[in-house]
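Understanding the architecture of this molecule
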Amino acid sequence: MLKLEHIVWDAPDGRRILDDLSFEVPDGKLAVITGPNGGGKTTAAKIIAGLVTPLSGRIFLDGEDITALDATERAKAGVSFGFQQPVRFKGITVRRLLEISAGGKVSEGKLCDYLAKVGLCAREYLDREVNATLSGGEIKRIEIASVLARGTRITVFDEPEAGIDLWSFTNLIRVFEDLRRDLCGSMVVISHQERILRIADEIIVIADGKLRERGPAERTLGTLLSGTDVVAGCVKQEEMFR
Amino acid sequence: MSEIRINETTKKLLSEISDFSGEFKGAYNIRENGACAGRRSSEHIKITSKTDKPGLEIRIDPHTAGETVSIPACVTHGDVDDLVYNDFFVGEGADVVIVAGCGVHTETGEPARHNGIHRFLLGKGARVKYLEKHIGTGKGIGLRSIDPVTEAELGEDAVLEMDTAQIGGVDRTLRQTKATLGKGAKLFIRERILTERDQTAQTEFSVELNGEGSGVDLVSRSVAKDASHQEYHSVIIGNTACTGHSECDAIISGSATVNAQPELHANSEDAALIHEAAIGKIAGEQIMKLRTLGLTEEEAEATIIEGFLS
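A few points on the structure. (Residues numbered from 1 in each chain as written. Chains lettered and ligands numbered in written order. Predicted model: local features only at pLDDT ≥ 70, side-chain atom pairs only at ≥ 80, totals over all residues. Heavy atoms only, no water.)

Description of the overall build of chain A
When helices and strands are tallied, chain A shows ten helices and ten strands. Compactness check: chain A gives a C-alpha radius of gyration of 18 Å against a globular reference of 18 Å for 242 residues, within 12% of the reference. Projected onto the principal axes, the alpha-carbon positions of chain A cover approximately 50 × 40 × 35 Å. Considering chain A as a whole, with its 242 residues, one finds that 55% of them fall into the buried category. A fraction of 66% describes how many contacts in chain A between residues 6 or more apart in sequence connect residues 24 or more apart. Surface accessibility of chain A: about 10,400 Å² in total, with carbon and sulfur atoms responsible for 50%. (Helix = DSSP H or I, 4+ residues; strand = E, 2+ residues; numbered from the N terminus. Rg over C-alpha atoms; globule rule 2.2 N^0.38 Å. Buried < 20%, exposed > 50% of the residue type's maximum accessible area, 1.4 Å probe, protein only. Contact = heavy atoms within 4.5 Å. Areas by Shrake-Rupley, 256 points an atom, 1.4 Å probe, with all protein chains shown as cover.)

Structure representation (structure tokens):
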């Protein structure tokens, strides 16, 4: 189980981004974190992955305090992180990236499985470089595959739907629906997308750096979509633009 | 001559710069400290010594297909300044691989230098893949230098792919590459250079696109570490309807310095020439991504550099 307790973090300009944030994600569950832009969702995700160090508060993984672990140690402890803007590398192939993720050489069949999960054909992609020749949709899927290849207990995706075209978006949602079906470990997805919110077990709403609401998806989503407050407005508004 | 008589250092260098495993497939000539240490011609590839200056003439028959010729050169101790002129005459329609490569080794304070001047004359429709790997080894403080000069003349529809790598141990290098391209000829250059400590590398390209429909694609990737210094200068001259693309990417770290000067000369309105250049340290987000996959910062840097120079 992943547990965040009283997390506080300030931006370099002094603004308080996370203000005493606490929540937990039980084992084998898909939790979707949503809320208005600037509310602290991405920072919370980065704090889980060890990319950002909290000013105060603790993070526990299966009861073990992992707050002091850096990004490498956090990864080794069983946390994976999917970047909102996937990183490109000149000269590193999809095969190499997946092998790094999997922690060493893996069979062609296994590499195929990783890519098949995100709807890509291994023959076409394994020897391509993870560089600017990949489209936004392609690099997103490779990013997701690189995270899945790790097979860790906690997997965090930061707005996987951001910055891709409508066609890729529909396919991406399908990828997450499939992942939901075969979920192993716990998954945390930062998203504004109703379709992703609908496949969640738990919805966590973060606004102004605080936990606004948390509960089973059906109940929380119902409240969000029928509500009139700023969070509900945000989810509905974003839905219209996507 | 077909017997190979080489010392242990040359053996080690050869395994680094070529696929030597006690012998070569196909025609070859091994140069060790300025002398011939083994040579074999094949039915379609004849290797002979020049009579007017040190070096070789390599004549490849028209329509020779699928053969490889290897001409490595090694300097295995200090106080050697080797200069060699090798000319390749590639017949019409031939399709071959040429493996050059050079290793310089010194265990003393004396310098070791190899200066190979390679000329390529490619006949109509000839295709050549030219592989060149350079390394420096040994614990001596003597400077290891390799100063290759490559001149290529590509006939109609000829294709030359140059793949060159200098990825360690060479203290000083000046690489000069010149090419002229005829109608429909294509030149592909992939260069990779790594410098560290106080090493310097200077690379100069000059390509003249004279034939209609000719094209060059030049990609140079380099990594400059520590207090090393690199200079890149490319000149692409488009004299007709042609395409030229050059790309120079460099990663710097420590107090290393890199200077890139790309030049494009369009002497025809139908010349389409492009240059791209990027110099900078490894992006923080690249390191962060690899760290989230479990690599340490040092492992991430090494992985990024290895991929970049692959």
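That shown, we press on.
What to know about the sheet that holds strand E4 (residues 56–61) of chain A
All names here are of chain A. Taking strand neighbours across the sheet as the criterion, the four strands line up as E2-E1-E4-E5 in an open arrangement whose pairing is antiparallel. Here the strands that pair on one side only, and so sit at the sheet edges, are strand E2 (16–25) and strand E5 (64–65). Sheet contacts for helix H1 (residues 41–49): strand E1 (2–10), E2 and E4; angle to E2, the most-contacted strand, approximately 60°. (Pairing = 2+ DSSP bridges. Axes fitted to C-alpha atoms, helices over the stretch in contact; angles between N-to-C directions.)

Section: the packing of helix H3 (residues 94–102) of chain A against helix H4 (residues 108–117) of chain A
Residues and elements named next belong to chain A. Taken N-terminus to C-terminus, the directions of H3 and H4 make an angle of 95°; their axes are 11 Å apart at the nearest point. Judged on the interaxial angle alone, H4 and H3 are roughly perpendicular. Contacts between H3 and H4 pair Val 94, Arg 95, Leu 98, Glu 99 and Ala 102 from the former with Glu 108, Leu 111, Tyr 114 and Leu 115 from the latter. For the contact of H3 with H4, the per-class residue count stands at six nonpolar, no polar and three charged. (Parallel < 35°, antiparallel > 145°, perpendicular 65-115°, else oblique. Nonpolar A, V, L, I, M, F, W, Y, C, P; charged D, E, K, R; others polar.)

Brief notes about the interface of chain B and chain A
With 20 residues of chain B in contact, the opposing surface of chain A contributes 24 residues. With both sides pooled, the region where chain B packs onto chain A buries about 1,800 Å², and carbon together with sulfur makes up 60% of that total. It is B:Lys289, B:Thr292 and B:Leu293 that lose the most area in chain B upon contact with chain A, and together they represent 34% of the buried surface on that side. Our enumeration of links across chain B and chain A arrives at seven residue pairs in polar contact (both at pLDDT 80 or more). Elements represented by at least two residues in the side of chain B that touches chain A include exactly strand E20 (242–252), helix H2 (284–292) and helix H3 (297–308) of chain B. Looking at the side of chain B that touches chain A element by element, the count peaks at seven residues for H2(B). (Buried area = accessible area lost by both parts, 1.4 Å probe. Polar contact = N/O pair within 3.5 Å; in protein donor to acceptor, adjacent residues only side chain to side chain.)

Some details on the pairing of strand E1 (residues 27–32) of chain B
All names here are of chain B. Most of E1 sits out of view: six of its six residues are buried. Burial along E1 is two-sided: the residues Ala 27, Asn 29 and Arg 31 and Tyr 28, Ile 30 and Glu 32 are all buried. Pairing of E1 with strand E5 (residues 65–70) involves two bridges; the strand directions are parallel. Bridge pairing in E5 places Tyr 28 opposite Ser 70. Here E1 folds back onto strand E2 (residues 35–40), and the loop between the two strands holds two residues, one of which, Asn 33, carries a positive phi near 50°. Bridging between E1 and strand E6 (residues 73–75) involves two bridges; their strand directions are parallel. By the bridge assignment for E6, Arg 31 is matched with Ala 73.

Topic: empty space enclosed by the protein
Evaluation of the coordinates by the stated rule reveals three cavities of 30 Å³ or more. There is about 60 Å³ of room inside the largest cavity. Taken together, 13 residues make up the lining of the largest cavity; nearest its centre are B:Ser220, B:Ser222, B:Gln230, B:Tyr232 and B:Cys248. At the level of secondary structure, the elements contributing two or more residues to the lining of the largest cavity comprise strand E16 (186–195), strand E18 (214–224), strand E19 (229–238), E20 and strand E21 (257–266) of chain B. Split into classes, the residues belonging to the lining of the largest cavity amount to six nonpolar, four polar and three charged. By volume, the second largest cavity is sized at about 40 Å³. Taken together, A:Gly82, A:Phe83, A:Lys140, A:Glu143, A:Ile144, A:Phe157, A:Asp158 and A:Pro160 form the lining of the second largest cavity. (1 Å grid on protein atoms, 1.4 Å probe; cavity = no way out; pocket = protein on both sides within 12 Å on 5 of 7 lines; lining within 4 Å. Points joined across faces, edges and corners; volume = space filled by probe spheres on them.)

Side note on the nonpolar core
Within the largest apolar cluster, 90 residues are counted, with the highest numbers of intra-cluster contacts made by A:Phe23, A:Leu98, A:Leu115, A:Phe176 and B:Leu290. Each residue touching B:Leu290, except ones within four places of it in the same chain, is listed here: A:Phe89, A:Leu97, A:Ile100, B:Leu295, B:Ala300, B:Thr303 and B:Ile304. Counting residues in hydrophobic clusters, the runner-up holds 40 residues, among them B:Leu56, B:Ile71, B:Val216 and B:Ile236. (Core = buried A, V, L, I, M, F, W, Y, C linked by side-chain atoms within 4.5 Å.)

Here's the deal with the environment of A:Ala207
Along the chain, A:Ala207 turns up in strand E9 (residues 202–207). For A:Ala207 and A:Gly38, which are 169 residues apart along the polypeptide, the C-alpha to C-alpha distance reads 8.0 Å.

Structural notes on the pattern of salt bridges
A complete count under the given rule lists 31 salt bridges over all chains for this structure. Notably, a salt bridge pairs A:Glu202 with A:Arg214, separated by 3.1 Å at the nearest N-O pair. Of this pair, A:Glu202 sits in strand E9 while A:Arg214 sits in strand E10 (residues 210–216); the two residues are twelve residues apart in sequence, bridging distant segments of the chain. On the accessibility criterion, A:Arg214 (31% relative accessible area) is partly exposed. Through salt bridges with shared partners, one network takes in B:Lys50, B:Glu57, B:Arg59, B:Asp87 and B:Arg119. (Salt bridge = Lys/Arg side-chain N within 4 Å of Asp/Glu carboxyl O.)

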